[in-house]
Structure formats: C-alpha cells, structure tokens
Amino acid sequence: MKKRSKKYCEALKKVEKGKIYTKEEAVKLVKETSITSFDASIEIAMRLNLDTKKADQQLRGAIVLPKGTGKTTKVLVIAKGDQAKAALEAGADYVGDTDMLEKIEKENWFDFDTMIATPDMMPLLGRLGRVLGPKGLMPNPKTGTVTTDVAKAVTDAKAGRVEYRTDSFGNIHAIIGKASFSDEDLLSNMNAFVAQIVKIKPATAKGEYIKNISVSSTMGPGIKIDTNSFDK
C-alpha cells in the first residue's frame, strides 16, 4: 500500500468521506487541500459513460479556458513563408521547418509545450511520430494544432488552450488553473470545460453520460462534485 505524506493525510481529513460537494464547495476545498510549496495546478477529472472501443465515442479536442491556465506555454510552429511570418507576429517562441525537426531528432530537443504545424508540413513530421506521440506533442487537426490559421492557433495556445482526450476507460482529465486562482476564475474554467464535454456528447452514447466529476490539486486528494451542479 502506498504510504501517504503527513501533509496529504492532514489535507485528506478536510475532505468528508463519501460526501459529494457542490462545485462551489469543491473549488474552495481543493485550494485548502493544496499541499505543495509551489503554486499547484488544479485538475478536473470526469468519468464518462462511453464505449471507447467505438471510434465515435473516443473524444479528443481542445478548449481555450476563459481565465487561462496560469501556465506560460512555449509554442513551436512548423511552417514556411507567410505562415511562418504570421506565427512569429502572433508570438510563437520558435518557428522553423526542417531545421527544427532536425533539432528534435538529432539533439532530443523538447524545449516547448505545444507544437503547431501547417498541413503541408505534416508529411515531414511523420518520421517523428514515435517520439512526439508518447509526449503528447504530435500536432492533430482535432485539437487545432494542424491548421492553416497558425496565428489563431498560437494566440489560443498562449491564452490558455487545454487539450483533452478520453482514455480507454472513458476518463478525461484537464488542468483548469492554479491554486492561486480566485474561486470565481476556477469556477469559470470548470464550467467552460464541463460545458464543452457535454456539447460533444456522442449521439450513440447511451444512458447517463457523466458518471462522476472530481477535482484535485497537484499531489492533493480528490474531491467529488455533484454532477447536478452543472447545466447538462
């Protein structure tokens, strides 16, 4: 059995066993149970009633949170010509084409959080799939990171875009801010994220769609939220 730290055990005492909290109560409590010395990330986890063996029930996408994530995102854009110029003007940290791909391949360079690419560059990116894929860095049209509008993609990434993807059990996770955020800002981000997941409910999904929702801080305990707190 995993041994928990003294701080974690103290935080856990604040969470009433078996209680389902309102989203307002949960946001307040998740901040109180943050046990790190740094500004912890706050994560939402949702368990969805999906059959992920079916392709149309595998959810994947991205959303720009209204209050951002509290994280500074380094963006790499793989593009040429006018698109490369537009990426630089939009505030991309790194822009290039084959030079950047060679840097990743030869130097094992990953000093970026998000990679954006234009469609014409994707064939060149193919050979890096084995290293970018496991790190969650491979550009994908579903998340808006393969696009002809690189300026918007860069702006969104810098503004607090978070990607989401169901795992094989139908769970979905995302960062919705930091422990230093106000309750109102965390609630705003939480509401936006849940609304997005509700919006993309597959037509073939049967029964109760959202099984449960919880929030937690980095290394902190999970806090269950009443799903009826949200507009569904």
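Everything below is about the structure shown above.
Every value quoted in this text rests on a predicted model; they were computed, and no experiment measured them. Here the residue numbers are simple positions, counted from 1 along each chain's written sequence. The predicted nature of this model means local features are confined to residues of pLDDT at least 70 and side-chain atom pairs, given and counted, to a pLDDT of 80 or more, with totals for whole chains, interfaces and linings taken over all residues. Hydrogen atoms and water are omitted, and side-chain values are computed over all heavy atoms in the structure.

S.K.: Sorry, what's going on with the pairing of strand β2 (residues 60-64) here?
M.R.: Consecutive residues of a regular strand have side chains that alternate between opposite faces of the sheet. The buried label goes to any residue with under 20% of its type's maximum accessible area, the exposed label to any with over 50%, and the partly exposed label to all in between, with areas taken from a 1.4 Å probe on protein chains only. Strands here are runs of E lasting at least two residues and helices are runs of H or I lasting at least four, both read from the DSSP assignment and numbered beginning at the N terminus. Burial along β2 is one-sided: the face carrying Gly61 and Ile63 is buried and the face carrying Arg60, Ala62 and Val64 is not. Strands are treated as partners if at least two bridges between them are detected by DSSP. As defined by bridge partners, β2 adjoins strand β6 (residues 161-165) across 5 bridges and the pair is classed as antiparallel. If you follow glycine 61 over to β6, its bridge partner there is tyrosine 164.

S.K.: Would you explain the sheet that holds strand β8 (residues 210-217) in this entry?
M.R.: Backbone-to-backbone hydrogen bonds join strands into a sheet, with any given pair of strands oriented parallel or antiparallel. The 4 strands are arranged β7-β1-β8-β9 in an open sheet whose pairing can be described as antiparallel. What marks the edges here is a single partner per strand, and that holds for β7 (171-178) and β9 (223-225). Going across the sheet, the axis of each strand differs from the next one's by a mean of 25 degrees, ignoring polarity. For this analysis, residues touch if any pair of their heavy atoms sits within 4.5 Å. For every element, the axis is a line fit to its C-alpha atoms; helices are fit only across the contacting stretch, and the angle between N-to-C directions ranges from 0 to 180 degrees. Along the sheet, helix α8 (residues 183-199) contacts β1 (41-48), β7, β8 and β9; its crossing angle with β7, the most-contacted strand, is approximately 155 degrees.

S.K.: How do you make sense of the side chain of aspartate 156 when you look at a structure like this?
M.R.: Mapped onto the secondary structure, aspartate 156 falls in helix α7 (residues 150-159). Of the residues examined, aspartate 156 reaches a relative accessible area of 18% and is grouped as buried. In contact with aspartate 156, not counting residues within four places along its chain, are Val64 and Arg161.

S.K.: Help me understand unusual backbone geometry in this model?
M.R.: Both trends apply: most residues other than glycine have a negative phi, and most peptide bonds are in trans. One non-glycine residue, asparagine 108, lies in positive phi territory at about 55 degrees. Along the chain, asparagine 108 falls in the loop between α4 (98-107) and β5 (114-117).

S.K.: Mind showing me how you'd approach the sheet that holds strand β4 (residues 94-96) here?
M.R.: If you walk across this open sheet you meet the 3 strands as β4-β3-β5, and the pairing is parallel. Two strands in the sheet have a free side with no partner beyond their single neighbour: β4 and β5. Direction aside, the axes of adjacent strands within the sheet are offset by 15 degrees on average. Strands β3 (75-78) and β5 of the sheet are contacted by α7, whose axis makes an angle of about 165 degrees with β3.

S.K.: Quick question: what am I supposed to make of the pattern of salt bridges here?
M.R.: Side chains that differ in sign of charge can pair as their charged atoms come close. By convention in these notes, a salt bridge is any Lys or Arg side-chain nitrogen within 4 Å of a carboxyl oxygen on Asp or Glu. The tally for this structure, following the rule as stated, stands at 9 salt bridges. Across the pair aspartate 183 and lysine 28 runs a salt bridge, and its minimum N-O distance is 3.1 Å. Residue aspartate 183 is found in helix α8, and its partner lysine 28 is found in helix α2 (residues 23-32); the two are separated by 155 residues along the sequence. The closest approach of N and O atoms between aspartate 111 and lysine 74, which form a salt bridge, is 3.0 Å. Taken as a pair, aspartate 111 in the loop between α4 and β5 and lysine 74 in the loop between β2 and β3 lie far apart in primary sequence, 37 residues in all. Aspartate 111 gets classed as partly exposed once you look at its relative accessible area, which sits at 32%. Judged by relative accessible area, which is 32%, lysine 74 ranks as partly exposed. Among the charged side chains, a salt-bridge network with shared partners connects Lys28, Lys31 and Asp183.

S.K.: Looking at this structure, how should I read α8?
M.R.: Helical geometry note: an α-helix holds 3.6 residues per turn, so side chains three or four residues apart project in the same direction. One less than the residue count of a helix, multiplied by 1.5 Å, gives the span that helix is expected to have. Compared with an ideal rise of 1.5 Å per residue, which puts 17 residues at 24 Å, α8 spans 24 Å between its outermost C-alpha atoms and is within 8% of the ideal. All of the buried residues in α8 are Asp183, Leu186, Leu187, Asn189, Met190, Ala192, Phe193, Val194, Gln196 and Ile197.

S.K.: What's the story with the environment of leucine 101 in this structure? I'm lost.
M.R.: Note on placement: leucine 101 falls in helix α4. With 26 residues separating them in the primary sequence, leucine 101 and arginine 127 have C-alpha atoms 9.6 Å apart. In this view, leucine 101 contacts Ile78, Leu124, Leu125, Arg127 and Leu128; residues no more than four positions away in its chain are not counted.

S.K.: Explain the packing of aromatic side chains to me, please; I cannot follow it from the model alone.
M.R.: Aromatic rings considered in pairs are described by the distance between their centres and by the relative angle of their planes. Pairing of aromatic side chains requires ring centres within 6.5 Å, counting the rings of Phe and Tyr and the six-membered ring of Trp. Pairs whose planes differ by under 30 degrees are stacked, by over 60 edge-to-face, and all others tilted. One pass over the structure, following the stated rule, counts 4 aromatic pairs. Taking 5.3 Å as the distance between ring centres and 45 degrees as the angle between the ring planes, the aromatic pair formed by tryptophan 109 and phenylalanine 112 counts as tilted. You'll find tryptophan 109 and phenylalanine 112 in the same group, each marked buried. Both rings, one in phenylalanine 110 and one in phenylalanine 112, keep their centres 6.2 Å apart while their planes meet at 40 degrees; by these two values the pair is tilted.

S.K.: Sorry, what's going on with the pairing of β5 here?
M.R.: Here β5 shows a buried face lined by Thr114 and Ile116 and a second buried face lined by Met115 and Ala117. Direction of pairing for β3 relative to β5: parallel, over a ladder of 4 bridges. When the bridges of β5 are listed, isoleucine 78 appears paired with alanine 117.

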